[in-house]
Amino acid sequence: MSLEDSDNLLEVRDLRIRFRLDKKNEFEAVKGVSFDVPRNATVALVGESGSGKSVSALAVMGLLPVENALIEPASKISFDGRELQTMPSGQRRALCGRDLSMIFQEPMSSLNPVLTVGYQIGEVLRLHKGMGAKAARARTVELLDEVGIPEPAARIDYYPNQLSGGQQQRVMIAMAIACEPKLLIADEPTTALDVTIQKQIIELLKALQQRHRMSVLFITHDLALVAEMADRVIVMRNGEVQEQGDTRQVFLQPQHPYTRALLECRPPLDARPHHLPVIDDMMRGDESPAIVLAERTRGYVEDERPLLVVKNLSKSFYSREGLFGQKEFKAVKDVSFTLPRGKTLGIVGESGSGKTTVGLTLLRLHEATGGQAFFRGKDILAMSSREFHDYKRRLQIVFQNPFASLNPRFTVGQILLEPMRIHNIGADDRERNALCFKWMERVGLPVEAFHRYPHEFSGGQRQRIAIARCLTLHPEVLVCDESVSALDVSVQAQVLNLLQDLQDDFGLSYIFISHDLSVVRYMADRVMVMRDGAVVEMADSDDLYRNPQHPYTQTLLAAIPGRQGVS
Amino acid sequence: MFASSSHLSPGLWTLAWRRLRADRVAMAALAVLLLFAAMLAASMSGWLANDWADEIGVHYAPPSFIGAQADAAHRTAEPAATEVPPENPLDPLKDVIRELRAEMDGASVAAAAGGEAGAEDSYGIADPLEKELAEIRGMPSGAATHVTSEKKTTLPFGADKWGHDVIKKTIKGAETSIVVGLVAALVATFLGTLFGALAGYFGGRTDDFFNWFYSIFTSIPYLLLILAVAAVLQQKGVTTIILILGLTGWTGVFRLVRAEYMKHKEREYVLAAGAIGGSHLGRMFIHIFPNISHVALVQMSILAVGFIKSEVILSFLGFGVPVGVVSWGSMLNEAQNELILGKWWQLTAATGAMAVLVTAFSLFTDALRDALDPKLK
């Protein structure tokens, strides 16, 4: 993998892409980007949402919508010595899939659900290699074996929904490497997957790259993820390349403040600063001002009186089976924990572990199947719904997806006023309006936000709106269900800081649910690890991360990207 | 700017109106709709077309831009001249009738001459109502003579069989058709949305109940259903048509709205509304409904168009508007026979008016849907 090799497989020069929004407005998504992908090497394109990284990759593949995407004629994309932009579209299409191939973020939506995986992989072979049905099938079994799918001869006839998310992504990879491409573009291939699966996929890609001596252009928002696999890193922001260089150099001596910000905004695993550094500090050039305050100490204190005591909480879902039968699915099994005032309980687990169901059941958005939850000594699960109505305001929830959790037809003002009206907080609308503005200021929203609709805000701001909506009710317990998972790294830090400040000011107790182990470590006093609906381990967060007892916890911790750092 | 105007909030409708105004097609459609609305108001209050039933033209008077028919003068002169209806050359009994008539004439002449039993007919029975009948027979002929002298040979857009002005008839017909179409569409959309919302939101048994109801309802042949509702309501009139169409037309809306509610009730914003303590009704109609209202709106515009047409079928089947009330449907019904005679104007007037209204209505609801969606700017 010598980078001295001047022979570049892909050369992108001065790429400019504009999108036509309507008759008058245009948006310049990529502003003069140049980069190279050498032969037999992995290049990582890193950036947050809106950085133009995916658009650049789609331009290379020629997959941008023709109607509204304009690539400047001066832009040059040359692949293997041939200029792609001026190539006739028929030739270019033949190149895609054979020499150039791509994997997308969502394996479930990239595979056709009504065709078997074998057929879909075979289609590539039949199309580009002109193989017969028999030969294609034999090759497909080989490919499935190569990408690590167990029993490939049987799985070839499976439909995508019969495979797990990780296996689906493996099928996508098998499809992409079917014709032994020279360049594989992987667009956020692991973002939709669990951490342990993510690690496996990364390792698979690394192994395939070396075995087939191909080039990989790896697109991701997570800088830590590429430390172990990329030879070169390109950092993009707002359609411009901020920094590019050798992986080692970018990680160890980042030149651009934005690269530093990306590296430092993530909660570290070895320290717990009072506040996380945010991107603006970095861009201003202040040297991590947030670390002025002392580090936080975390953990439950033994003699604290708990605010919330949960005993043997369980929740089952039933699905019909046969004519009269019912099939029980235990989403949560016998979960018990306590939560003192002003503390945070982190719940960690992969998808399907039941962590979200715990949160929803506590708020009675699902009715519990069994168990008790004592809030200030009263069992909130056994109450009548009329009685529980008063307790609703004491327990609130911030959802994962800020794009889905706000009613798109309500203005921010309406969103914030509604809960106060329902619970008769404030004497009249005038007073409630004043309260609205108070909370908006508290979570860092501008005054003019009051009359705007949610879609006019960025993800981070929307999450602030969702938090403000909860705060209007003066809750005592706030369930944060993957509340920062959908946000960009730099915005994530801001929202985490906000949550931290609110806890300091109002003594809120958090139940912090996340699949992201470093975020949970930063936020939580006590961490509960869940798997298949059951608690596998619970301990104070420092103890758990330093000395995990259960093998599953150990696997999870080992899968955190960038844990080993750059070697 | 926002801080100073914080007490008055530009609501959904203000913003929607702003967006509508930017849409030229929508504004044109709105202008057409307003024109129809004005026409409707004028005709209902009696300002316009109140005298549509006056027989002001000769029958089948052509539109003015074509010019009068050659035989029009002959026809106007004709009717009052004889009391005896003109002989039908195709009637197989015409010879018998002619004989009878000659006999009767002879008998009455004889009776008048004889003078002894003046009120005796050919069977030798005296008619006690002889005088009254003679009076009645005398009246219409006199009246007809009076009106005939004023009948026009051409009208701006022609006349129908009875000499009604087609333009006035179309305006008056719009009253019935638009009211039937819109109100029935409203009723059907309301029922469909309500049932769909309940079924989709609550699911489980409620959903089963509405689905059973829906399945049974749709398994009955449509016309039979219409006849059944008509038989229950027992009377003819605009209200009956509205009820027939409204009570049978909700099924399509129900399916679509139910599907939308099933999709939306799982959304996080609805869960969030539940978490802050919003009631079921509040979640159904304050939170979810505005987000699916486009489905109901589009369905309503499609239904309105369909119902205006259905009114034609009902009129044809005899369940339509009562005699003496005009609608586009009854006009189209008459046009079937006229078209064979080459009298196309009534058909053109009714379908033209219908097409313009329906197109404008569809374009407007489409634009309204877009304008009400805050995500589309």
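It should be emphasised that the depicted structure is a prediction, and the values quoted were computed from it without experimental measurement.

Reading the values: the criteria
Residues numbered from 1 in each chain as written. Chains lettered and ligands numbered in written order. Predicted model: local features only at pLDDT ≥ 70, side-chain atom pairs only at ≥ 80, totals over all residues. Helix = DSSP H or I, 4+ residues; strand = E, 2+ residues; numbered from the N terminus. Rg over C-alpha atoms; globule rule 2.2 N^0.38 Å. Buried ≥ 20, exposed ≤ 12 C-beta atoms within 10 Å, placed from the backbone. Contact = placed C-beta atoms within 7 Å. Pairing = 2+ DSSP bridges. Axes fitted to C-alpha atoms, helices over the stretch in contact; angles between N-to-C directions. Right-handed = clockwise from strand over helix to strand, strands pointing away. Parallel < 35°, antiparallel > 145°, perpendicular 65-115°, else oblique. Left-handed = near helix turned anticlockwise from the far one by under 90°. Nonpolar A, V, L, I, M, F, W, Y, C, P; charged D, E, K, R; others polar. pLDDT = per-residue confidence, 0-100. Core = buried A, V, L, I, M, F, W, Y, C linked by C-beta atoms within 7 Å.

(A) Structural detail: the overall build of chain A. Counting secondary structure elements, chain A contains 21 helices and 21 strands. The C-alpha atoms of chain A give 26 Å as radius of gyration, which agrees with the globular expectation for 567 residues (24 Å, within 12%). Residue burial in chain A is summarised as follows: out of 567 residues, 44% are buried. Intrachain contacts of chain A at a sequence separation of at least 6 include 67% that bridge at least 24 residues.

(B) Fine view of the overall build of chain B. Across its full length, chain B carries 14 helices and zero strands. Listed by position from the N terminus, the elements making up chain B come as α-α-α-α-α-α-α-α-α-α-α-α-α-α. The buried share among the 377 residues of chain B stands at 31%. Sequence-distant contacts, at least 24 apart, represent 73% of the contacts inside chain B between residues at least 6 apart.

(C) Representation of the sheet that holds strand S7 (residues 100–103) of chain A within the structure. Residue and element names in this part refer to chain A. In spatial order, the strands read S7-S8-S9-S3-S10-S11; together these six strands make up an open sheet with mixed pairing. In this open sheet, the two edge strands, each paired with only one partner strand, are S7 and strand S11 (240–246). Taking each pair of neighbouring strands and ignoring which way they run, the sheet shows an average axis angle of 15°. Relative to strand S8 (residues 183–187), S7 is paired through four bridges, and the arrangement is parallel. Residue pairing across strands places Ile103 opposite Ala186, the latter belonging to S8. Of the strands in this sheet, strand S3 (42–46), S7, S8, strand S9 (215–220) and strand S10 (232–237) touch helix H1 (residues 53–61), which is tilted by about 145° from S8. Lying on the sheet, helix H11 (residues 257–264) is in contact with S10 and S11; it crosses S10 at an angle near 100°.

(D) Quick peek at the pairing of strand S19 (residues 509–514) of chain A. Residue and element names in this part refer to chain A. Within S19, six of the six residues are buried, which leaves it mostly tucked inside the rest of the structure. Residues Ser509, Ile511 and Ile513 point to one face of S19 and Tyr510, Phe512 and Ser514 to the other, with burial holding for every one of them. Where strand S14 (residues 344–348) lies against S19, five bridges are found, and the strand directions are parallel. Residue pairing across strands places Ile347 opposite Ile513, the latter belonging to S19. For strand S18 (residues 477–481) and S19, the ladder comprises five bridges, and the chain directions are parallel. Looking at S19, one finds that Leu478 is bridged to Tyr510. The parallel pair S18 and S19 is bridged by helix H18 (residues 489–506), and the resulting crossover is right-handed.

(E) Layout of the interface of chain B and chain A. Contacts between chain B and chain A engage 21 residues on the former and 29 residues on the latter. Elements represented by at least two residues in the side of chain B that touches chain A include exactly helix H11 (268–275) and helix H12 (280–317) of chain B. Looking at the side of chain B that touches chain A, the element that brings in the most residues is H11(B), giving six residues.

(F) Fine view of the sheet that holds strand S15 (residues 370–375) of chain A. Residues and elements named next belong to chain A. Taken in spatial order, the four strands of this open sheet run S13-S12-S15-S16, and their pairing is antiparallel. Each edge of the sheet is formed by a strand with only one pairing partner; in this case those strands are strand S13 (325–340) and strand S16 (378–379). Against the sheet, helix H13 (residues 355–362) contacts strand S12 (306–321), S13 and S15, and its axis sits at roughly 75° relative to S13.

(G) The packing of helix H4 (residues 117–129) of chain A against helix H7 (residues 165–177) of chain A, seen in detail. All names here are of chain A. Interhelical geometry of H4 versus H7 gives an angle of 20° and a closest axis separation of 8 Å. Judged on the interaxial angle alone, H7 and H4 are roughly parallel. The handedness of the crossing between H4 and H7 is right-handed. Touching Val117, Gln120, Ile121 and Val124 of H4 are Val171, Ala174 and Met175, all from H7. Considering only residue class, the contact of H4 with H7 consists of six nonpolar, one polar and no charged.

(H) Spotlight on the confidence of the model for chain B. All names here are of chain B. Here chain B averages 78 in pLDDT, while 83% of its residues score no lower than 70. Scored below 50 in pLDDT, residues 1–9 makes nine contacts in the model with residues more than four places away or belonging to other chains. Counted against residues more than four places away or in other chains, residues 72–82, with its pLDDT under 50, gives 12 contacts.

(I) Up close: unusual backbone geometry. All names here are of chain A. The phi dihedral of Asp80 falls on the positive side, at around 55°, and the residue is not glycine. Within the element layout of this structure, Asp80 appears in the loop between strand S5 (76–79) and strand S6 (82–83). Its 16 C-beta neighbours within 10 Å are what place Asp80 among the partly exposed residues. Even without a glycine there, the phi angle at Arg376 is positive, about 50°. Positionally, Arg376 belongs in the loop between S15 and S16.

(J) Up close: H1(A). Residues and elements named next belong to chain A. Counting buried positions along H1 yields seven of nine residues, so the element is predominantly enclosed. Taken as a whole, H1 has its buried residues at Lys53, Ser54, Val55, Ser56, Ala57, Ala59 and Val60. Residue Gly62 follows H1 closely and has a positive phi angle near 70°.

(K) Up close: the nonpolar core. Grouped together as the largest cluster of nonpolar side chains are 225 residues, with contacts concentrated most on Ala174(A) and Leu217(A). Ranked by residues supplied to this core, first place goes to helix H6 (residues 166–202) of chain B with 13 residues. Setting aside anything within four residues of it in sequence, one finds Leu217(A) in contact with Val37(A), Val43(A), Leu45(A), Ala57(A), Leu183(A) and Ile185(A).

(L) Examining helix H9 (residues 238–248) of chain B more closely. Within H9(B), eight of the 11 residues are buried, which leaves the element mostly enclosed by the surrounding structure. All buried positions along H9(B) are accounted for by Val238(B), Thr240(B), Ile241(B), Ile242(B), Ile244(B), Leu245(B), Gly246(B) and Thr248(B).

(M) A look at the packing of helix H8 (residues 222–233) of chain B against H9(B). All names here are of chain B. It is at 10 Å that the axes of H8 and H9 come closest, and there the two elements cross at 135°. If you check the angle between H8 and H9, you find them oblique. Here H8 and H9 pass one another in a crossing that is right-handed. Taking contact as the criterion, the partners of Tyr222, Leu225, Ile226, Val229, Ala230 and Leu233 in H8 are, on H9, Thr240, Leu243, Ile244, Leu247 and Thr248. In terms of residue class, the contact of H8 with H9 is made up of nine nonpolar, two polar and no charged.

(N) Here's a closer look at the pairing of S14(A). Residue and element names in this part refer to chain A. Counting buried positions along S14 yields five of five residues, so the element is predominantly enclosed. Neither face of S14 is open: one carries Thr344, Gly346 and Val348, the other Leu345 and Ile347, and all of them are buried. Direction of pairing for S14 relative to strand S20 (residues 526–531): parallel, over a ladder of four bridges. Following the sheet pairing, Leu345 is matched in S20 by Arg526.

(O) Spotlight on the environment of Glu418(A). Mapped onto the elements of the fold, Glu418(A) is located in helix H15 (residues 412–422). Along the sequence, Glu418(A) and Ala59(A) sit 359 residues apart, while their C-alpha atoms lie 45 Å from each other.

(P) Region of interest: the confidence of the model for chain A. Residue and element names in this part refer to chain A. Within chain A, residue pLDDT values average 86, and 96% of them lie at 70 or more. Averaged over each element, pLDDT in chain A is lowest for helix H12 (residues 279–284) (73) and highest for S19 (93). Counting contacts from residues 1–5, a segment whose pLDDT is below 50, to residues more than four positions away or on other chains yields 10 contacts.

(Q) Just the environment of Thr344(A), in detail. All names here are of chain A. Of note, Thr344 is situated in strand S14. Classification of Thr344 as buried rests on a count of 26 C-beta atoms within 10 Å. On a C-alpha basis, the gap between Thr344 and Val529 in space is 14 Å, while along the polypeptide they are 185 residues apart. Leave out the neighbours within four places in its chain, and Thr344 touches Tyr510, Phe512, Met523, Ala524 and Asp525.

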